[in-house]
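# Results of the structural survey
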Amino acid sequence: MSRQNKAVIGAALALGALTLTACGGSATADNKKGGEGTDAPRITISAKDGSTSASINATGVKVADGKITKVKMTEEAGGKEVAGTIAADGASWKPKEQLERGTKYRISATAKDGDGDTAAANSIFTTVTTANSFIGTYTPDNGTTVGVGMPVSFTFDKAITNKKDVQAHIKVTSSSGQQVVGHWFSGQRLDFRPEEYWKAGSKVTMKIDLDGVEGAKGVHGVQDKTVTFTVGRAQVSTVDVNTQKMTVVRDGQTLKAVPVSTGGAAHPTYNGQMVISEKFVQTRMNGDTVGFGGEYDIADVPHAMRLSQSGTFIHGNYWSSPGIFGSQGTSHGCVGLQDVRGAGGDTTAKWFFDNSLVGDVVVVKNSHDRTISPDNGLNGWNMPWSQWTAGSAA
């Protein structure tokens, strides 16, 4: 080999070393083997060396023209090792668990090709901090079965100003083929629903692809996951305040008509479509928490199901005379069902609790109160479709 050719190869090797140590993109090893210009394994670490806003989801290692032989990843402070898995084909490695936000990591990787030539790459980086990232708490949870009225609801931990991009990276679809549209109630709340209740038995999928999406200036998302849930049977229960009766209809058939006691004259129950968002076999209800100033504080309200964020429940009532159910409203706005203390026994309240899902709908009509606000609980069904779609940023 001539002296001139050796100089050219030496320059190429020097350039490869610069790529590894001072790369403006991913940490990469791009070595030549044997001085003959053929490719050795090329390692790419997705988190840039020196980065201060690396993804907590997408960090990993890939190799071309070879197989990964070893990856070691540790937290810089304390040296705690991060467990990971090499793919069966040896072409990639990823951590087993999501990384922590605002944490400095060190990663080193080696690879070998079929001729036994090796390469190595390293990166030291810090993941995106809590201050510079946002997450969305969502409902319903993955794998759950819910009623036909259950919307998909996101509450973000920071105000979103780039609503269009954030909404575009959350896709909600249904096996029923129903069109699903998002609506922003505020900079921190985004709900999705179809025009009418979900079709019974349908499967709903939400793909959350927010990792790296800028939600506000300098604030990026960190979530990357797919969530699925099942819509159960169609149950809608209608409370008529005039008759103090509730009719429970499932899949178009009436299951039962039961006596209730709604809100009294001074504290009527909201009208409208209300979705059960939580269920408690027993819970404490304290009037102080909803602005009633100590008028009641009951430590063990049985069979309670939340209908609004402002404190409306449908629940068991053991403290009132049995004669009120089906005849008069006496509550502070809740819908009461006859029950016994301790949530035991064969009672109307227990039957309804056992036969209800989170996401079932309770409709109240003929009350003297106004219709509940669509953002008070999961109650966007009270908003006309045209208004709902107008609140979409897509």
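Everything discussed here concerns the structure shown above.
Here's a quick rundown of the structure.

The next subject is the overall build of the chain. For the chain, the helix and strand inventory stands at four helices and 28 strands. Of the contacts formed within the chain by residues at least 6 apart in sequence, a portion of 62% connects residues at least 24 apart. When the accessible surface of the chain is summed, it comes to about 18700 Å², and 48% of that surface belongs to carbon and sulfur atoms.

This part is about the sheet that holds strand β27 (residues 335–338). Reading across the sheet, the four strands line up as β24-β25-β26-β27 and stay open at both edges, with mixed pairing between neighbours. Of all the strands in the sheet, the pair left with one neighbour each is β24 (278–286) and β27. Shown here is a sheet whose adjacent strand axes are inclined to one another by a mean of 40°, direction ignored. In terms of strand pairing, strand β25 (residues 297–306) meets strand β26 (residues 313–317) through two bridges, oriented antiparallel. Looking at the pairing, M305 lines up with I314 of β26.

Bringing the pattern of salt bridges into the picture now. Per the counting criterion, the structure on display carries 10 salt bridges. We note a salt bridge from R284 to D297, for which the minimum N-O separation is 2.7 Å. Within this pair, whereas R284 is found in strand β24, its partner D297 is found in strand β25, the two being separated by 13 residues in sequence. Across the pair D369 and R370 runs a salt bridge whose closest N-O atoms are separated by 3.8 Å. Overall, the relative accessible area of 52% leaves R370 in the exposed class.

Here we come to the pairing of strand β13 (residues 170–174). Of the two faces of β13, the one holding I170, V172 and S174 is buried and the one holding K171 and T173 is not buried anywhere. The pairing of β13 with strand β16 (residues 203–209) spans five bridges and is classified as antiparallel. Its bridge partner lying in β16, T173 is registered against T205.

Along the chain, F192 turns up in strand β15 (residues 189–194). The spatial distance from the C-alpha of F192 to the C-alpha of V181 is 5.4 Å, given a sequence separation of 11 residues. Those residues in contact with F192 that sit more than four places away from it in its chain are P151, V152, F154, Q167, I170, V172, V180, V181, G182 and W388.

Rules used throughout
- Residues numbered from 1 in each chain as written.
- Predicted model: local features only at pLDDT ≥ 70, side-chain atom pairs only at ≥ 80, totals over all residues.
- Heavy atoms only, no water.
- Helix = DSSP H or I, 4+ residues; strand = E, 2+ residues; numbered from the N terminus.
- Contact = heavy atoms within 4.5 Å.
- Areas by Shrake-Rupley, 256 points an atom, 1.4 Å probe, with all protein chains shown as cover.
- Pairing = 2+ DSSP bridges.
- Axes fitted to C-alpha atoms, helices over the stretch in contact; angles between N-to-C directions.
- Salt bridge = Lys/Arg side-chain N within 4 Å of Asp/Glu carboxyl O.
- Buried < 20%, exposed > 50% of the residue type's maximum accessible area, 1.4 Å probe, protein only.

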